[in-house]
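# Summary of structural features
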Amino acid sequence: MRQRLLILILASTLLALTPIQAGFETAEASPVAASAAVSASASPDPRLVRKFYARKGSEAWKAAKRDSRFNAIGKTPMAQWMSEGWFPIRTVRKQTKRYVQAAAKAHKTPVIAVYAIPARDCGGYSSGGFSPKAYRTWITKMARGLRGSRAMVILEPDALPLNYVAYSPCFRREKFSAGRDV
């Protein structure tokens, strides 16, 4: 069961990180989008033709609004990091939905980095995460908030590779047993 779960998570991560043509304003600017647009039966996937969303109201955006020297940071699209501290179980669906709706209203592609896997970073600098049961509840609610959107999701960007390679004794002991000494 754990092995199948690991394979599913890794496959999802690889799919999420697969390079695609994104960030173009028009179909003509993107060869992938242009070929998709040729098909009369389907419109191109918005993730192929839209730029990424830069959330108004982020701390970087507020700094750029106060001082133009911060424009390069504040107006640059970046992922919305979703973790247990800022997006608790009781509000994650609503907050996720609000974020993707704001991106859709701006005709941009929302980018979300999911970052709350159980025993994250094995107690190191970025430690945290939910319990396995709470994580299932939280990730399900987040997925419901994403329903109907065309978001780019980066699933546990540093936790999954650590689980796979199990480079420390802690990971060998606590994570899916990948890399376990035989």
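Residues numbered from 1 in each chain as written. Predicted model: local features only at pLDDT ≥ 70, side-chain atom pairs only at ≥ 80, totals over all residues. Heavy atoms only, no water.

The subject of this paragraph is the packing of helix H6 (residues 92-105) against helix H7 (residues 132-146). Helix packing for two helices is described by the angle between their axes and how far apart those axes are. Across the interface, H6 lies against H7 with an axial gap of 7 Å and an inter-helix angle of 30 degrees. As summarised for this structure, H6 and H7 are arranged roughly parallel, according to the angle between their axes. Considering only the axes of H6 and H7, their crossing is right-handed. On H7, the residues that touch Val92, Arg93, Thr96, Lys97 and Val100 of H6 are Trp138, Lys141, Met142, Arg144, Gly145 and Leu146. A breakdown of the residues in the contact of H6 with H7 according to their chemical character gives five nonpolar, two polar and four charged. (Axes fitted to C-alpha atoms, helices over the stretch in contact; angles between N-to-C directions. Helix = DSSP H or I, 4+ residues; strand = E, 2+ residues; numbered from the N terminus. Parallel < 35°, antiparallel > 145°, perpendicular 65-115°, else oblique. Left-handed = near helix turned anticlockwise from the far one by under 90°. Contact = heavy atoms within 4.5 Å. Nonpolar A, V, L, I, M, F, W, Y, C, P; charged D, E, K, R; others polar.)

Counting 19 residues, the largest nonpolar core has Met82, Ile112, Val114, Tyr135, Trp138 and Met142 as the members making the most contacts within it. Mapped by element, the contributors of at least two residues to this core are H6, strand E2 (111-114) and H7. Broken down by element, this core gets its largest block of residues, five residues, from H7. If we skip the residues at most four places from it in the chain, tyrosine 135 touches Val114, Ala116, Ile117, Pro118, Phe130, Leu155 and Glu156. (Core = buried A, V, L, I, M, F, W, Y, C linked by side-chain atoms within 4.5 Å. Buried < 20%, exposed > 50% of the residue type's maximum accessible area, 1.4 Å probe, protein only.)

This part covers the pattern of salt bridges. A complete count under the given rule lists three salt bridges for this structure. The partner of aspartate 67 in a salt bridge is arginine 69, with the nearest N and O atoms 2.5 Å apart. (Salt bridge = Lys/Arg side-chain N within 4 Å of Asp/Glu carboxyl O.)

In this structure, the second largest pocket occupies an estimated 240 Å³ of space. Along the walls of the second largest pocket sit 15 residues, with Arg55, Ser58, Met78, Ala79 and Gln80 positioned nearest its centre. Of all the elements in the fold, those that place two or more residues in the lining of the second largest pocket are helix H4 (59-66) and strand E1 (80-82). Of the residues belonging to the lining of the second largest pocket, the class tally is eight nonpolar, five polar and two charged. (1 Å grid on protein atoms, 1.4 Å probe; cavity = no way out; pocket = protein on both sides within 12 Å on 5 of 7 lines; lining within 4 Å. Points joined across faces, edges and corners; volume = space filled by probe spheres on them.)

Low pLDDT marks stretches whose predicted atomic positions should not be read closely. Averaged over every residue, the pLDDT of the protein is 73; residues scoring 70 or more account for 61%. Throughout residues 5-11 the model reports pLDDT below 50, and contacts reaching past four residues in sequence, or to other chains, amount to five contacts. Under a pLDDT of 50 for its full length, residues 13-41 has, in the predicted model, 41 contacts with residues more than four places off or in other chains. (pLDDT = per-residue confidence, 0-100.)

The next subject is the pairing of E2. Taking every second residue as pointing to the same face, both faces of E2 are buried, with Val111 and Ala113 on one and Ile112 and Val114 on the other. Sheet topology places E1 next to E2; three bridges connect them, and they run parallel. Its bridge partner being in E2, methionine 82 is matched across the sheet by valine 114. Alignment of E2 against strand E3 (residues 152-155), held across four bridges, turns out to be parallel. Residue pairing across strands places alanine 113 opposite isoleucine 154, the latter belonging to E3. (Pairing = 2+ DSSP bridges.)

As a further point, take H4. Those residues of H4 that fall on the buried side of the exposure criterion are Ala60, Ala63 and Ala64. Within H4, the buried residues cover an arc of 100 degrees as seen down the axis, which keeps them to one side. Along H4, exposed side chains directed more than 90 degrees from the buried face belong to Glu59, Lys65 and Arg66. In the core, the buried residues of H4 are packed alongside helix H5 (71-74). (Arc of directions from axis to C-beta.)

This brings us to the sheet that holds E1. One open sheet holds the three strands; their spatial order is E1-E2-E3, and the pairing between them is parallel. The sheet terminates laterally at E1 and E3, the two strands that pair on one side only. Taken pair by pair, the neighbouring strands of this sheet meet at an average axis angle of 25 degrees, ignoring direction. Along the sheet, H6 makes contact with E1 and E2, crossing E2 at roughly 150 degrees. Lying over the sheet, H7 contacts E1, E2 and E3, oriented at roughly 175 degrees with respect to E2.

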